[in-house]
Amino acid sequence: MATPSIACIGIIGKHNNPLHISLFPPHSKDRLKFSFLLSSCIDIFEIRALNKTVDQDLGLLQAVDERLAMYGWLTNTGIKFIIVVDMEGRPVPGEISSGTAVTGLRGADLKPAFRAIQTAYIRLLQNPFYSPDDHTPLEIANNPLLKSSQITSKRFIDDMRRIGDAWAPGVTNI
Amino acid sequence: MSIDSVRPAITSGGTGSLSSDLQQTYLSSSCFDFLLIELVPMAYRLAVDVSTSSAVAAGLNPEEVLDEEERREAAFYKLDLLGYRVGQGLVERFSRDRPRFTDGLDAIKFLCKDLWTLVFRKQIDNLKTNHRGVYVLTDNSFRPFSRMSMESGGLALQRAQPFLWFPCGLIRGALSSMNINATVQAETSELPGATFQIKTVVNAKS
């Protein structure tokens, strides 16, 4: 029986600028596909944010097909975290994929993962060498030294990798 | 981060998880005061150092590169940027477990109560607004001024002014994190009081 796993973690800044994308097996090569999927969530964030008292945890944003579902988290500072969950999970060596997806993932199952992402992001902001304003589209266009809006902090990237690998339904401490 | 007087017990288990690490950072309030005070002379020193080295490289006399006004400007720029970055980080960290900001006033209240307490160990004493995007924050005993004294009033006020630049930047950075663009001006008419005037720039979209 396959257990759902994280296929992708996406961080999108307050100007809808992509800050980070982490991909996990078996989707590690689908960077373009997932960047489209992440972009398709931005509208949903905007609609949900119209409700001023909405919680940071936005729960399920949309399900793409039986396999992939996207969950969102919007911080008070306007940073968007997106987790794409693969319901079929990672291929287990020696087991033939049955192709049946597990249904019924509860929204609260992803809270620990989102909290861990937020903690990692806060830690990144506490790094004096990281300047959030260097990652906005305007700044990148005007400053030839900056090439992309992606976060380059090794520690942050490692944290994302760890969270994506560690999460499974029911895991409360990441 | 916390400035509680209670000394935390050293917990076993070393580093532990990410979240508990964040909550268990404590700092010495005296060191923090010294840091806030020393920032200002440091900014002046750096302004002179940077311009001197560039002047030497260009073959100019290092003594004559910066007049008083230029030094002031350079220090202001440096302090404002430092504060801006600190404000951004503070809001990211301390807004995590709080309900969403409903409007601009809510964000300003968060600044006056929560952030001010964190940085200056007291709340803002008075908040006035014209409900059109201008807020005036009054602190009757602004922490960095509480140990300043001088004979003549006018000179004291003039020399106290640079110590308001870092907090100005801090307010600006905090507000920008909460998606409010603003200009901040500060002045003091009598030590140890300080007033901060925040003019928010209304976004086209909102």
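Residues numbered from 1 in each chain as written. Chains lettered and ligands numbered in written order. Predicted model: local features only at pLDDT ≥ 70, side-chain atom pairs only at ≥ 80, totals over all residues. Heavy atoms only, no water.

**Examining the overall build of chain B**
Counting its secondary structure elements, chain B contains 6 helices and 4 strands. Counting helices and strands in the order they occur from the N terminus, chain B gives α-α-α-α-β-β-α-α-β-β. By residue count, 39% of the 206 residues in chain B fall in the buried class. Of the contacts made within chain B by residues no fewer than 6 positions apart, 61% connect residues no fewer than 24 positions apart. (Helix = DSSP H or I, 4+ residues; strand = E, 2+ residues; numbered from the N terminus. Buried < 20%, exposed > 50% of the residue type's maximum accessible area, 1.4 Å probe, protein only. Contact = heavy atoms within 4.5 Å.)

**Quick word on the sheet that holds strand 3 (residues 57–63) of chain A**
All names here are of chain A. The 5 strands are arranged 2-1-5-4-3 in an open sheet whose pairing can be described as antiparallel. Lying at the two open borders of the sheet, with one neighbouring strand each, are strand 2 (18–23) and strand 3. Adjacent strand axes in the sheet meet at a mean angle of 20 degrees, parallel and antiparallel pairs treated alike. Pairing geometry for strand 3 and strand 4 (residues 68–74), over 5 bridges, is antiparallel. Across the sheet, Leu 60 pairs through a bridge with Tyr 71, a residue of strand 4. Where helix 1 (residues 31–49) meets the sheet, it contacts strand 1 (5–12), strand 2, strand 3, strand 4 and strand 5 (80–86), and its direction lies at approximately 125 degrees from that of strand 3. Packed onto the sheet, helix 2 (residues 111–125) meets strand 1, strand 2, strand 3, strand 4 and strand 5 and runs at close to 140 degrees relative to strand 5. (Pairing = 2+ DSSP bridges. Axes fitted to C-alpha atoms, helices over the stretch in contact; angles between N-to-C directions.)

**Some remarks on the interface of chain A and chain B**
The partner chain B presents 24 residues to the 30 residues of chain A that form the contact. Taken together, the two surfaces of chain A and chain B that pack against each other cover about 2200 Å², and 45% of this comes from carbon and sulfur. The largest contributions to the chain A side of the interface with chain B come from Asn 76, Thr 77 and Ile 122 of chain A, which together make up 28% of the buried area. Counting the contacts that link chain A with chain B gives 1 salt bridge. Put simply, Arg 115 of chain A and Asp 97 of chain B hold a salt bridge, and the shortest N to O gap is 3.7 Å. Sort the elements by how many residues they give to the side of chain A that touches chain B and helix 2 of chain A lands first, with 9 residues. Tallied by class, residues from the side of chain A that touches chain B come to 10 nonpolar, 12 polar and 8 charged. (Buried area = accessible area lost by both parts, 1.4 Å probe. Salt bridge = Lys/Arg side-chain N within 4 Å of Asp/Glu carboxyl O. Nonpolar A, V, L, I, M, F, W, Y, C, P; charged D, E, K, R; others polar.)

**A closer look at unusual backbone geometry**
A cis amide bond links Pro 25 of chain A to the next residue, Pro 26 of chain A, at an omega of 10 degrees. Looking at where Pro 26 of chain A falls in the secondary structure, it is placed in the loop between strand 2 and helix 1. The residue Asn 16 of chain A is not glycine, and still its phi comes out positive at about 60 degrees. Residue position: Asn 16 of chain A is located in the loop between strand 1 and strand 2. Although it is not a glycine, Arg 121 of chain B adopts a positive phi angle of roughly 60 degrees. Within the element layout of this structure, Arg 121 of chain B appears in the loop between helix 4 (104–120) and strand 1 (126–129). Assessed through its relative accessible area of 27%, Arg 121 of chain B is described here as partly exposed.

**A few points about the environment of Thr 183 of chain B**
Residues and elements named next belong to chain B. In this fold, Thr 183 is placed in strand 3 (residues 181–187). Given the relative accessible area of 46%, Thr 183 is considered partly exposed. Considered as a pair, Thr 183 and Thr 200 are 17 residues apart in the sequence and their alpha carbons are 6.4 Å apart. Non-local contacts of Thr 183, meaning those with residues more than four positions away in its chain, are made with Gln 197, Ile 198 and Lys 199.

**Observations regarding the side chain of Asp 106 of chain B**
For Asp 106 of chain B, the location among the structural elements is in helix 4. Non-local contacts of Asp 106 of chain B, meaning those with residues more than four positions away in its chain, are made with Arg 98, Arg 100 and Phe 101 of chain B.

**Looking at the confidence of the model for chain B**
Averaged over all residues, the pLDDT of chain B is 81; the fraction at 70 or higher stands at 82%. Across residues 5–21 of chain B, where pLDDT falls below 50, the model places 12 contacts with residues more than four positions away in sequence or in other chains. (pLDDT = per-residue confidence, 0-100.)

**A short note on a nonpolar patch on the surface**
All names here are of chain B. Judged by side-chain polarity, Phe 76, Tyr 77 and Leu 81 come together as a nonpolar surface patch covering roughly 310 Å² of accessible area. If you trace the backbone, Leu 81 turns up in helix 3 (residues 68–94). A residue is classified by how much of its surface remains accessible, and Leu 81, at 40% relative accessible area, is partly exposed. (Patch = residues over 30% accessible without salt bridge, like charges linked within 9 Å, V, L, I, M, F, W, Y side chains within 5 Å. Areas by Shrake-Rupley, 256 points an atom, 1.4 Å probe, with all protein chains shown as cover.)

**Quick word on the packing of helix 2 of chain A against helix 3 of chain B**
A pair of packed helices is characterised by two quantities: the angle between their axes and the separation of those axes. Relative to each other, helix 2 of chain A and helix 3 of chain B sit at 165 degrees, their axes nearing to 9 Å. The orientation of helix 2 of chain A relative to helix 3 of chain B falls into the category roughly antiparallel. Like other packed secondary-structure pairs, helix 2 of chain A and helix 3 of chain B cross with a definite hand, here left-handed. Here Tyr 121, Ile 122, Leu 124 and Leu 125 of chain A of helix 2 of chain A come into contact with helix 3 of chain B, specifically with Arg 85, Gln 88, Gly 89, Glu 92 and Arg 93 of chain B. Residues belonging to the contact of helix 2 of chain A with helix 3 of chain B are distributed by class as follows: 4 nonpolar, 2 polar and 3 charged. (Parallel < 35°, antiparallel > 145°, perpendicular 65-115°, else oblique. Left-handed = near helix turned anticlockwise from the far one by under 90°.)

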